[in-house]
Amino acid sequence: MKKIFITLLLVSGLFARVDQWLGIYVRSYKIGYTHFTLEKTSKGYDIEETTVMDLKMLGQPKSLSTTTKVKASKYLKMEAFDFFLSTGDQKVHSSGKKVGDIVKISVQLNGRE
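Residues numbered from 1 in each chain as written. Predicted model: local features only at pLDDT ≥ 70, side-chain atom pairs only at ≥ 80, totals over all residues. Heavy atoms only, no water.

1. Let's talk about the overall build of the protein
For the record, the criterion: Helix numbering and strand numbering both begin at the N terminus, where a helix is a DSSP run of H or I of at least 4 residues and a strand a DSSP run of E of at least 2. Buried, partly exposed and exposed residues are distinguished by accessible area as a fraction of the type maximum, computed with a 1.4 Å probe on protein chains only: under 20%, between the cut-offs, and over 50%, respectively. By definition in these notes, contact holds between two residues if any of their heavy atoms fall within 4.5 Å. Each accessible area is a Shrake-Rupley estimate made with a 1.4 Å probe; only the visible protein chains count as cover when residues are assessed.
Within the protein one finds 1 helix and 7 strands. Put simply, the protein runs from its N terminus to its C terminus through helices and strands in the order α-β-β-β-β-β-β-β. Residue burial in the protein is summarised as follows: out of 113 residues, 26% are buried. The long-range share in the protein, meaning contacts at least 24 apart out of those at least 6 apart in sequence, stands at 20%. Only carbon and sulfur atoms are counted for the fraction: they give 59% of the accessible area of the protein, which is about 8300 Å².

Listed below in structure tokens is the structure:
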């Protein structure tokens, strides 16, 4: 995954926006996908990644989805982020913002902080 990210970053120097789709497979069965975008802004980069997978959790079929949104400086230092995870019956939202040398983080589980 790290090699993919570095490659996308290098390509982003040539384009204002990178948009990548990847399938997720177990053996020969497709269980989901990942969608990754990286977009240059006047202050740095907007990075977004969404993953959706159909899994069995404790023997029950579930759809798991995650979304990560990052605002990064032009030197790719994280400035702020939002992370969402959902399994249908469970929802997690985490957000953070860099304030000086500190990252302030908020976490919500099913709407409770």
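2. Some remarks on the environment of serine 73
Inspection of the secondary structure puts serine 73 in strand β4 (residues 60–73). Expressed as a C-alpha distance, the spacing of serine 73 and glycine 44, which sit 29 residues apart in the sequence, is 4.3 Å. Those residues within four positions of serine 73 in sequence are excluded, and the remaining contacts are Lys43, Gly44, Tyr45 and Glu79.

3. Observations concerning the packing of aromatic side chains
Rules: Two rings belonging to Phe, Tyr or Trp (six-membered ring only in the last case) form a pair when the distance between their centres is within 6.5 Å. Interplanar angles under 30 degrees mark stacking, angles over 60 mark edge-to-face geometry, and anything in between is tilted.
Counted by the stated rule, this structure contains 1 aromatic pair. With a centroid separation of 5.6 Å and 40° between ring planes, the pair formed by tryptophan 21 and tyrosine 33 is classed as tilted. Note that tryptophan 21 is positioned in strand β1 (residues 17–26) and tyrosine 33 in strand β2 (residues 29–40), a separation of 12 residues in sequence. For tryptophan 21, a relative accessible area of 52% translates into the label exposed.

On their own, these measurements won't tell you what the molecule is for.
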